[in-house]
Amino acid sequence: MKTNPTLYQWAGDIQTFEILFESFYYQVLKDNLLGGVFKDMSSQHIKHVAHFVAQVFGGPSLYTSEDRGSHAIMIGHHIGKMLNEEQRQRWVQLLLLTADELALKSDPEFRSAFVGYLEWGTRIAVINSQLVNNPMASEEPMPTWGWGETGGPFVQGN
Ligand code: HEM
């Protein structure tokens, strides 16, 4: 029987994710729509986002162990930020451009799963950024993302 690698394994290793997000945020800081949003980001931000996405894609649990994060903590970083659709689209667009520049795996299946996750994750970030309080319980597990379908419509708190 065929056993698929995780998205993380297929993409490479932790350096693949760290380099992707380092290059991405280098572009973000120069961007007219996003530069201001991220100008005060913490010194750990880039590493944390890389670790978060790597873990969601089936990689090592660095975000929840080494970085002491959780899904609720990640959500909490977006609460009240009042992000908008234009910023969200630019975020996705710049990340996909960076992925191409760095020759991230570009097979249709991987990119479909990758784009699917970015569409899901960024839309959740924008929705949560309009809230005053974090809707997610601290014990909620990290999301996971694989090669397949989303599994149902949006429910607040997922
Ligand atoms: C898949 C989509 C996304 C993921 C996985 C993600 C992940 C994260 C994580 C893990 C943090 C916490 C970083 C830390 O611990 O320092 C964070 C913070 C933040 N994110 Fe996101 N994010 C996403 C989408 C977005 C989008 C689309 C925007 C804006 C357009 C955004 C804006 C921010 C901001 C402003 C912070 C706080 C930065 C700081 O003050 O350090 N995020 N994000």
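Residues numbered from 1 in each chain as written. Predicted model: local features only at pLDDT ≥ 70, side-chain atom pairs only at ≥ 80, totals over all residues. Heavy atoms only, no water.

Per an unreviewed UniProt entry, the protein chain carries the name Hemoglobin and comes from Dyadobacter arcticus.

**Considering the coordination of the iron atom of the ligand**
Rule in force here: Because no water is among the atoms considered, metal sites can look incomplete, with donors defined as N, O and S atoms within 2.8 Å of the metal, or 3.2 Å for Na, K and Ca. Counting from the N terminus, the helices are the DSSP runs of H or I reaching at least four residues and the strands are the DSSP runs of E reaching at least two.
There is one protein donor for the iron atom of the ligand, and it is His-78 (NE2), at 2.1 Å. Relative to the helices and strands, His-78 resides in the loop between helix H5 (71-76) and helix H6 (85-101).

**Some points on helix H4 (residues 45-56)**
Basically, it comes down to this: One fewer than the residue count of a helix, multiplied by 1.5 Å, yields its expected span. Burial classes follow relative accessibility: with a 1.4 Å probe on protein chains only, a residue under 20% of its type's maximum area counts as buried, one over 50% as exposed, and anything between as partly exposed. In what follows, residue pairs with any heavy atoms lying within 4.5 Å of each other are defined as contacts.
The end-to-end C-alpha distance of H4, which contains twelve residues, comes to 16 Å, matching closely the 16 Å that a straight helix rising 1.5 Å per residue would cover. For H4, every residue scored as buried is listed here: His-45, Val-49, Ala-50, His-51, Phe-52, Val-53, Ala-54, Gln-55 and Val-56. Close packing links the buried residues of H4 with helix H1 (7-11), helix H2 (14-30), helix H3 (35-38), H5 and helix H7 (108-129). Downstream of H4 by a residue or two, Gly-58 has a phi angle that is positive, lying close to 95°.

**Here's the deal with the pattern of salt bridges**
For clarity, the cut-off: Here, a salt bridge means any Lys or Arg side-chain nitrogen found within 4 Å of an Asp or Glu carboxyl oxygen.
In the structure shown here, the tally under the stated rule is six salt bridges. Residue Arg-111 pairs with Asp-100 through a salt bridge whose shortest N-O separation is 3.0 Å. One end of the pair, Arg-111, is in helix H7; the other, Asp-100, is in helix H6, and eleven residues separate them in sequence. One connected set of salt bridges, linked through shared partners, spans Glu-85, Arg-88, Glu-119 and Arg-123.

**Quick look at the site of the ligand**
Basically, it comes down to this: One heavy atom within 4 Å of a molecule or strand makes the whole residue count as near it. Any pair of N or O atoms that falls within 3.5 Å is considered a polar contact. Within protein, one atom must be able to donate a hydrogen and the other to accept it, and sequence-neighbouring residues count only if both atoms are side-chain atoms.
Surrounding the ligand, one finds 22 residues, the nearest of these being Phe-38, Ser-42, His-48, His-77 and His-78. The contact in question runs from an oxygen atom of the ligand to an N or O atom on the side chain of His-48, over 2.6 Å. The separation between a nitrogen atom of the ligand and a polar side-chain atom of His-78 is 2.9 Å. Of all elements in the fold, only H3, H4, H6 and H7 reach the threshold of two or more residues within the shell around the ligand.

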